[in-house]
Amino acid sequence: MGPRDAQLLAALLVLGLCALAGAEKPSPCQCSRMSPQNRKNCGFPGITSDQCFDNGCCFDSTVAGVPWCFYPLPKQESEQCVMEVSARTNCGYPGISPEECASRNCCFSNLIFEVPWCFFPKSVEDCHY
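Report on the accompanying structure.

About the thresholds
- Residues numbered from 1 in each chain as written.
- Predicted model: local features only at pLDDT ≥ 70, side-chain atom pairs only at ≥ 80, totals over all residues.
- Heavy atoms only, no water.
- Helix = DSSP H or I, 4+ residues; strand = E, 2+ residues; numbered from the N terminus.
- Buried < 20%, exposed > 50% of the residue type's maximum accessible area, 1.4 Å probe, protein only.

Details of unusual backbone geometry
Move 1: Even without being glycine, Asn105 reaches a positive phi, approximately 60°.
Move 2: With respect to the secondary-structure elements, Asn105 resides in the loop between helix 4 (98–103) and strand 3 (107–108).
Move 3: By relative accessible area, Asn105 is classed as exposed at 64%.
Move 4: Here Glu114, not a glycine, exhibits a phi torsion of approximately 65°, which is positive.
Move 5: For Glu114, the position within the fold is in the loop between strand 3 and strand 4 (118–119).

The following block contains the structure:
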């Protein structure tokens, strides 16, 4: 088995595991708010949009030179809070609690260091598949 065969086998294994896990179609914001240059491949050449969505991934074939089937942004409590880290606008201060952040009607996620944990939500009107 050559390197190309090993890559194909790995891709099929990943897709099979996703199917077994009962992958859920990502939300429109999880897909449309991902910058094309930040997309990480989640499929294989020739994958259809249905196959891609069935694996819990996003599909967008409008941008050439980047993966069309790609991993979505992480799910958030509210669709308004789904965005790339670089799109966050600070709504709090260092050490703000989730409760204080919520009292300001802002989003809270402390999973990534050195970025705003409390940030302003974005309208979902721009979200689409």
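Picking up after the structure, the text goes on.
Comments concerning the environment of Phe70
Move 1: Residue position: Phe70 is located in strand 2 (residues 69–70).
Move 2: Expressed as a C-alpha distance, the spacing of Phe70 and Pro36, which sit 34 residues apart in the sequence, is 9.4 Å.

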